Amino acid sequence: VTTHDLALTAIPDTMNGVAINCHFEDTIENGQLKFDYRLRPGIVQTSNALKLMEAVGLKVQRSADSG
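Residues numbered from 1 in each chain as written. Predicted model: local features only at pLDDT ≥ 70, side-chain atom pairs only at ≥ 80, totals over all residues. Heavy atoms only, no water.

A.B. asks: Tell me about the overall build of the protein chain, residues and numbers included.
C.D. replies: A count of helical and extended segments in the protein chain gives one helix and four strands. Counting from the amino terminus, the protein chain carries its helices and strands in the arrangement β-β-β-β-α. Since a compact globule built from 67 residues should have a radius of gyration of about 11 Å, the 14 Å found for the protein chain marks it as more spread out than a globular shape. Principal axes of the C-alpha set define a box for the protein chain whose edges measure 45 × 25 × 15 Å. Of all 67 residues assigned to the protein chain, the portion counted as buried reaches 9%. For the protein chain, the proportion of contacts with a sequence separation of at least 24, taken over those separated by at least 6, is 12%. Here the protein chain has roughly 5,800 Å² of accessible surface; of this, 55% comes from carbon and sulfur atoms. (Helix = DSSP H or I, 4+ residues; strand = E, 2+ residues; numbered from the N terminus. Rg over C-alpha atoms; globule rule 2.2 N^0.38 Å. Buried < 20%, exposed > 50% of the residue type's maximum accessible area, 1.4 Å probe, protein only. Contact = heavy atoms within 4.5 Å. Areas by Shrake-Rupley, 256 points an atom, 1.4 Å probe, with all protein chains shown as cover.)

What follows is the structure, encoded as structure tokens:
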């Protein structure tokens, strides 16, 4: 299952080890989203939403904590 709703990452904590969080890392190269398809443990620590918006030409006003 994949989601953009980080609230759902708490679900495995209630499942006695039956489920875990994993993620792929991504980059934007030449305006295209690329995934490395290497499954990594844990919750992804980056968000690609702002990078994707910029890649399609939208102006993005970043806050101090949005990177």
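A.B. asks: Describe the pairing of strand S2 (residues 26-29), listing the residues and the values that go with them.
C.D. replies: Pairing of S2 with strand S3 (residues 32-35) involves four bridges; the strand directions are antiparallel. Residue pairing in the sheet places Asp26 in a bridge with Phe35 of S3. Taking the residues between adjacent antiparallel strands as the criterion, S2 and S3 are bridged by two residues, where Asn30 takes a positive phi near 55 degrees. (Pairing = 2+ DSSP bridges.)

A.B. asks: I'd like to hear about the packing of aromatic side chains, residue by residue, with values.
C.D. replies: Considering all chains together, one arrives at two aromatic pairs under this definition. Here the aromatic rings of Phe24 and Tyr37 are separated by 5.4 Å at their centres, their planes lie at 65 degrees, and the arrangement is edge-to-face. Here Phe24, found in the loop between strand S1 (22-23) and S2, pairs with Tyr37, found in the loop between S3 and strand S4 (40-41); they are 13 residues apart in sequence, far enough to count as distant. When its relative accessible area of 35% is taken as the criterion, Phe24 is described as partly exposed. (Phe/Tyr/Trp six-rings, centres within 6.5 Å; stacked < 30°, edge-to-face > 60°.)

A.B. asks: Mind laying out the pattern of salt bridges, listing which residues take part and the relevant values?
C.D. replies: Scanning the entire structure with this criterion turns up three salt bridges. In this structure, the salt-bridge partner of Asp36 is Arg40, at a minimum N-O distance of 2.4 Å. Since its relative accessible area comes to 19%, Arg40 is described here as buried. The network of salt bridges with common partners includes Glu25, Asp36 and Arg40. (Salt bridge = Lys/Arg side-chain N within 4 Å of Asp/Glu carboxyl O.)

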